[in-house]
Amino acid sequence: MKRLTDKADGGTRRRDVLAAAGGVGMGLLLNTPARAATGARTIKGAGTAFALRFQNGGLTSLRAAGDAFDTDYIEPGRTLGAVTLAYRRGTAAWQSADTATLSATAIRQVSATECVSDHTITDGQGPALALTLRLKAEGGELSWQVGVRNLTTGPLEVGDLALPLPLHTEFKEGQPATAAVLKHSFVSGHGSFLFWMRSNSAGPYLVMTPERDTALEYWEGREGGKDHPYVPYRVFIHSAARGAEVTAAGGRWRQPHTSLVLAPAGGEGAVRQYGFRFGWATDYQGVRDRLVAQGGVDVEVAQGMTVPTDLTARLALRCLDPITAIEAEFPDRTTVTPLGTRGAYRLYEVRFAKLGENLLTIRQDDGRATGLEFFATEPVETLIKKRAAFIAAHQHRDPAKWYNGLLAEWNMETGTLLGPDNYDRIKGWRIYEVTCDDPGLSKPAYLASKNAEYPVQAEVAALDYYIEHFVWGGLQRTTEEADSYALYGIPDWKTNRDSPDPGPKGQRHYWRPYDYPHITAMYLGLYRVATRYPAIHTRLDAATYLERAYGTALAMFTIPMAVEKWSAYETGFYNEVVIPEVIALLDAAGQAAKAQTLRGHWERKVDFFVNGKPDLFGSEYAFDSTGFESTQALARYAIDHAGRPGFPVTPAAAKRFADTQMAANLFCRGVVEPAYYYLGSDYRAGGGDAFTLTYMAQMGGWAILDHALNDATDPRSGMRLAHTSYLSAWALVNSGTADSGYGYWYPGQANDGASGGGFEPAALGTTWLGQPHHRGSWYYSSESDLGFCGALRMAATLVADDPIFGRFCYGGILEERDGWLAITPRDGLRRRFHARLSRQSLDLELEGARLAAGPSLEWHPTDAQLHLTLDNEAPPSPGATLRLKGLPKGRYQVAGGGVVDVAGEGQTVAVALVGLGGRVEVGRV
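The numbers attached to residues start from 1 for each chain and follow its sequence in the written order. Owing to the predicted nature of the model, reporting of local features is limited to residues with pLDDT of at least 70; listing and counting of side-chain atom pairs is limited to 80 or more, with chain, interface and lining totals taken over all residues. Side-chain metrics rest on all non-hydrogen atoms present in the structure, leaving aside hydrogens and water.

Some remarks on the overall build of the protein chain
Step number 1: Numbering of helices and strands runs from the N terminus; a helix is a DSSP stretch of H or I covering at least four residues, while a strand is a stretch of E covering at least two. Scanning the protein chain from N- to C-terminus turns up 16 helices and 44 strands.
Step number 2: The reference for a compact globule is 2.2 Å times residues^0.38; the radius of gyration itself is calculated from the C-alpha atoms. Whereas a compact globule of 925 residues would reach a radius of gyration of roughly 29 Å, the protein chain reaches 28 Å, a difference of no more than 12%.
Step number 3: Overall, the protein chain is about 90 × 75 × 55 Å in size when its C-alpha atoms are taken along their principal axes.
Step number 4: Carbon and sulfur atoms make up 51% of the accessible area of the protein chain, which totals about 31,800 Å². Only the protein chains shown count as covering a residue, and every accessible area follows the Shrake-Rupley method with a 1.4 Å probe.

Some words on the sheet that holds strand 44 (residues 919-924)
Step number 1: Pairing between strands requires that DSSP locate at least two bridges from one strand to the other. Strands sit in the order 34-35-38-39-44-41-42 across an open sheet of seven strands; the sheet is antiparallel. Whereas interior strands pair on both sides, the edge strands pair on one side only; in this sheet they are strand 34 (812-817) and strand 42 (898-902). Geometrically, the sheet is characterised by an average inter-axis angle of 15° between neighbouring strands, direction not taken into account. The angle between two axes is taken between their N-to-C directions and runs from 0 to 180 degrees, where each axis is a line fitted to C-alpha atoms and a helix contributes only its stretch in contact.

Overview of the sheet that holds strand 20 (residues 313-318)
Step number 1: Read from one edge of the open sheet, four strands run 18-20-23-22, paired in antiparallel fashion. A strand with exactly one partner marks an edge of an open sheet, and here the two such strands are strand 18 (298-302) and strand 22 (334-342). Strand-to-strand twist of the sheet, defined as the mean angle between neighbouring strand axes without regard to direction, takes the value 25°.
Step number 2: Strand direction decides the pairing type here: strand 22 and strand 23 (residues 345-352), joined by seven bridges, are antiparallel.

Re helix 9 (residues 542-564)
Structural remark: α-helix, 3.6 residues per turn; residues separated by three or four positions point the same way.
Step number 1: Compared with an ideal rise of 1.5 Å per residue, which puts 23 residues at 33 Å, helix 9 spans 33 Å between its outermost C-alpha atoms and is within 8% of the ideal.
Step number 2: Fitting one axis to the seven residues ending at a residue and another to the seven starting there, the bend at that residue is the angle between the two axes. The largest bend along helix 9 measures about 40° and falls at A555.
Step number 3: K565 sits one or two positions beyond helix 9 and adopts a positive phi of about 60°. Helix span is expected to be 1.5 Å times the residue number reduced by one.

Concerning the packing of aromatic side chains
Step number 1: Stacked, edge-to-face and tilted labels apply to pairs of Phe, Tyr and Trp rings (six-membered ring for Trp) whose centres lie within 6.5 Å, assigned for plane angles under 30 degrees, over 60, and everything in between, in that order. Summed over the entire model, instances satisfying the criterion amount to 49 aromatic pairs.
Step number 2: With a centroid separation of 5.4 Å and an interplanar angle of 90°, the aromatic rings of W402 and Y403 are classed as edge-to-face.
Step number 3: Type-normalised accessible area, obtained with a 1.4 Å probe on protein chains alone, sets the label of each residue: buried when under 20%, exposed when over 50%, and partly exposed for intermediate values. Judged by its relative accessible area of 23%, W402 is partly exposed.
Step number 4: Between Y744 and W745, the aromatic rings sit 4.9 Å apart at their centres with planes inclined by 80°, giving edge-to-face as the arrangement.

Quick word on empty space enclosed by the protein
Step number 1: Here the term cavity refers to a set of points on a 1 Å grid, laid over the protein atoms alone, in which a 1.4 Å probe fits but cannot get out; the term pocket refers to an open set having protein on both sides within 12 Å along at least five of seven lines, with lining residues being those that place an atom within 4 Å of a point. Grid points are joined across faces, edges and corners, and a volume is the space filled by probe spheres set on the points. Estimated volume of the largest cavity: approximately 110 Å³.
Step number 2: Of all elements in the fold, only strand 11 (181-186) and strand 25 (369-377) reach the threshold of two or more residues within the lining of the largest cavity.
Step number 3: Classification convention: Asp, Glu, Lys, Arg as charged; Ala, Val, Leu, Ile, Met, Phe, Trp, Tyr, Cys, Pro as nonpolar; all other residues, Gly among them, as polar. Each residue belonging to the lining of the largest cavity can be placed in one class, and the counts come to six nonpolar, four polar and three charged.

Some points on the nonpolar core
Step number 1: What makes a nonpolar core is a set of buried Ala, Val, Leu, Ile, Met, Phe, Trp, Tyr and Cys residues whose side-chain atoms join them at distances within 4.5 Å. L62, L129, W144, L165, W196, L475 and W730 are the most contacted members of the largest nonpolar core, which has 247 residues in total.
Step number 2: By residue number, the principal contributor to this core is helix 9, which donates 12 residues.
Step number 3: One finds C809, Y892, V911 and V922 within the second-largest nonpolar core, a separate group that totals 32 residues.

Things to note about the state of the cysteines
Where two cysteines share a covalent bond between their sulfur atoms, that bond is called a disulfide.
Step number 1: Note on terminology: pairs of cysteine sulfur atoms within 2.5 Å are recorded as disulfides. The tally for this structure, following the rule as stated, stands at zero disulfides.
Step number 2: Among the cysteines around C436, which has no disulfide bond, C789 carries the closest sulfur, lying 17 Å off.
Step number 3: Its relative accessible area of 1% is what places C789 among the buried residues.

Digging into the side chain of T631
Step number 1: Mapping T631 onto the fold places it in helix 12 (residues 628-641).
Step number 2: Here a polar contact means two N or O atoms within 3.5 Å. Within protein one must be a hydrogen donor candidate and the other an acceptor candidate, and residues neighboring in sequence count only if both atoms are side-chain atoms. Among the polar contacts listed, one links the side chain of T631 to the backbone oxygen of F628, at a separation of 3.4 Å.
Step number 3: Setting aside residues no more than four positions away along its own chain, T631 makes contact with F609, L616, F657 and Q661. The criterion used for residue contact is that any of the two residues' heavy atoms lie within 4.5 Å.

A look at the confidence of the model for the protein chain
Step number 1: The pLDDT value tells you how sure the predictor is about a given residue, anywhere from 0 up to 100. Per-chain confidence: the protein chain averages 92 in pLDDT, with 94% of residues scoring 70 or above.
Step number 2: A low-confidence stretch, residues 1-28 stays under pLDDT 50, and its non-local contacts, those more than four residues away or across chains, total 102 contacts.
Step number 3: Scored below 50 in pLDDT, residues 32-40 makes 22 contacts in the model with residues more than four places away or belonging to other chains.

Remarks on the pattern of salt bridges
Where charged atoms of side chains with opposite charge meet at close range, the side chains can pair.
Step number 1: Any Lys or Arg side-chain nitrogen found within 4 Å of a carboxyl oxygen on Asp or Glu counts as a salt bridge. Taken as a whole, this structure holds 70 salt bridges when the rule is applied.
Step number 2: Across the salt bridge formed by R830 and E381, the nearest N and O atoms sit 2.9 Å from each other. With R830 in the loop between strand 35 (820-825) and strand 36 (832-836) and E381 in helix 3 (residues 380-393), the pair connects residues that are 449 residues apart, well separated along the chain. For the pair shown, R830 and E381 are each scored as buried.
Step number 3: The network of salt bridges with shared partners includes R288, D289, D298, E300, R318, R720 and D802.

What about the side chain of T694?
Step number 1: Structurally, T694 can be placed in the loop between helix 13 (651-667) and helix 14 (696-710).
Step number 2: Judged by its relative accessible area of 3%, T694 falls in the buried class.
Step number 3: In terms of polar contacts, T694 uses its side chain to reach the side chain of D682, at 2.3 Å.

Looking at unusual backbone geometry
Step number 1: In this chain, G203 is followed by P204 through a cis amide linkage whose omega measures 10°.
Step number 2: Going from I490 to P491, the amide bond is cis rather than trans, its omega being 0°.
Step number 3: For Q303, which is not glycine, the phi torsion reads 105° and is therefore positive.
Step number 4: In this fold, Q303 is placed in the loop between strand 18 and strand 19 (306-308).
Step number 5: One non-glycine residue with positive phi stands out, namely A864, at about 55°.
Step number 6: Looking at the element boundaries, A864 is found in the loop between strand 38 (857-860) and strand 39 (865-869).
Step number 7: A864 gets classed as buried once you look at its relative accessible area, which sits at 2%.

Considering the packing of helix 3 against helix 5 (residues 437-451)
Step number 1: Relative orientation of the contacting elements helix 3 and helix 5 amounts to 130°, with a least axis distance of 10 Å. Between helix 3 and helix 5, the angle is such that the two are oblique. Between helix 3 and helix 5 lies a crossing whose hand is left-handed. Across from I384, K385, R387, A388, I391 and A392 in helix 3, the residues of helix 5 making contact are K443, Y446, L447 and K450.
Step number 2: Its residues assigned to classes, the contact of helix 3 with helix 5 shows six nonpolar, no polar and four charged. Should an angle lie under 35 degrees it is considered roughly parallel, over 145 roughly antiparallel, and from 65 to 115 roughly perpendicular; all remaining angles are considered oblique. Each crossing is labelled by how the near helix is turned from the far one, with a counterclockwise turn of less than a right angle marking it left-handed and a clockwise turn marking it right-handed.

Brief notes about helix 14
Step number 1: In a regular helix each residue adds 1.5 Å, so 15 residues correspond to 21 Å; helix 14 covers 20 Å between its end C-alpha atoms and thus fits that length.
Step number 2: Within helix 14, 14 of the 15 residues are buried, which leaves it mostly tucked inside the rest of the structure.

Re the environment of Y454
Step number 1: With respect to the secondary-structure elements, Y454 resides in the loop between helix 5 and helix 6 (457-471).
Step number 2: The exposure class assigned to Y454 is buried, which follows from its relative accessible area of 8%.
Step number 3: Between the C-alpha atoms of Y454 and V529, which are 75 residues apart in sequence, the distance is 9.1 Å.
Step number 4: Excluding anything up to four places from it in sequence, Y454 contacts E381, I384, K385, G828, L829, R830 and R850.

Regarding the packing of helix 12 against helix 14
Step number 1: The contact between helix 12 and helix 14 brings their axes to 8 Å, and the two run at 25°. Here helix 12 is positioned roughly parallel relative to helix 14, judged by the angle of their axes. The handedness of the crossing between helix 12 and helix 14 comes out as left-handed. Judged by residue contacts, F628, E629, Q632, A633 and R636 of helix 12 engage M696, M699, G700, W702, A703, D706, H707 and N710 from helix 14.
Step number 2: Classifying every residue of the contact of helix 12 with helix 14 by side-chain character gives six nonpolar, four polar and three charged.

Structure, rendered in structure tokens:
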């Protein structure tokens, strides 16, 4: 491996989830001004004592003393402190043991804060192993020591040594908001850590770290339920025995599975000691500080851990011990460049040329190592286009079939095009996920949204064919039918239309409001195509697409309520963020009455979320992370309209809700964990063991960016995390070059542009529907296109004066010369630019035009000059506009003769681009 030497020193709804704390915790990341990096910090929350209850050698209760919210971190009826292991003499078969089921040789309750238990493991040949387990709270820390001693006269191999962690991570309907905790984890060598936090984001967080000579290499998730016995989440110090079983079963794991060989009893090496520390931290920064204090590595990333090959990422590493080397998994295709130090951080720039997973290993003294998992993709613009082309090319076109026009699901593993006559029932897939619901409806929503940015005639034709033959008069009721614009739900529209049952599960099965925003987004995308690109033929005119977008959005509020009393006002839905734009377009088209009608429904929803008692984690399950794009859109509207006559939201209430929902967004998102499938990603299911990189990675990432740019006191950490979220789920797209096999996950040209619906982080796991699956991307796209819709909404090139990385460009390349910032946008769309410098800010958005692919944006912050080069391959469309916010007060000349007056930096000005040509210059008069 390449070594880089660094000699630097140093289903059901649950109400009032957040009511207990009123949404504290937002300041933990985005609203608190960043502190300067220092080597030793006071760890917030570190002085908090433990309140413990011991029983039979273990902990049955673990609380923070004096906690404002009574939370027991251990699951009721469970005990923390046991270990499980597998061992063998010589090459014999592995034998297993669990100290939880063994009678202890001795249990010594040393004090109210310390307990020691001794165990002897005996097999058919006599005593084999002695274990000493010690739990001791002292000085605001809880120590967990595990001692292993060989009792035999020959070598003894420990193949597995695992720590069950029965913490209370199950979120159930009806339990108090602060009863359960979400696990955040990073299992990767000596730098491993775990921490647990409550859904109200209020500290303290419980943090677990290995001691300096202890490492973690593997984990297995919590099991239990109707057909399975309870097994807690486990982390492994050694996993050779279990790893062999997992590999034989088809599992995949990226870290080595090691074992421990103990010397014969009495000899040197016959005893081994492992240790872990638990402590408290008030917030995310406290977690990071604790990692460093305990000998670990605090990792910050700029750009993200999913990194396109046309961009570089930067690493900032903070630790007490010197870093001796950084090793690349593919040294000939990876460039790691040291950039010196900044405060307490060692900085590196990283570029990947090998597509797919890339491991960087941080080496420190005494053989200590921590692995960082990155993923390299093709350029984002390539991914955006490939994904759309793949969807359009996988369409059922058979007039003899009732599902003619369906944009279909694809199984990458078997190379099967799914449909109502073949929906992989053996795999466990369901017909409604092929024809409708979020998996089916997300595809046309993304395809239309992409074509509003990069129109392709064949893709637009596929959408129109889908609407003509599958949607209008099939999936969706027409204006000639009662309940106009209603959308049929599961299992499919054909079954429902043919049903003799008129009830809500028969002919009138269109009561699921989640379905409506996707079709609204599809019509809106085609409206944009029809208005922006005259050369692209659409089957309907722009006015009809807008009318249908309006009718579908209105139906979301009215029809499910009329049929099933299912309110669209009390749950956040994916893609409903487009509704305010539909309202604005209706107003612009002179349809004020329709705009006001839809506005009334939207504002009723805003009112409920801001002034009511919304369950921010409630969806179709007791705990879910699906609503945080929607809640940010509601918060954005509330803040922008607060105090308006007739609008029942005050500025204080709007801000309170905005902070509360953002804390909830961050709670179930990877903020500290440095792996590409955790950092920036959403966590599905309360325990944190379920799949990641779902659509909410990017939809919720849009929310973080919107909040950071518009509402946060200090936006820079939010910009960093938001861009990480934006890039994260592009790792699910199975895309590659011919040399790389056309995709990392499921190679083959037939899969180039396909997508997985989520990432399974466990070596052996299941997909959303319980299908057996190994670590990696799913073989179905499922709902991933919802995330790509969100990605299109947030795609932007960002520049920030970051307190850790200095001036950095996200989603682009930055060059500085003579006071000018020269930027090459590589964010995928080339339409938006946001800068947050120490003394200047700028927001730029092009509508109906885009920047050229090369160096195309030049900004002189001091002189307030701006030069843009537009894309000649996509000239400005009719009505193309440049919007600017952040220009200092004054009068500005725009190339072509236009003059605009700026009353202050908070004012947004719009400049028409038609007639300005390919070069736009803005400067003071």
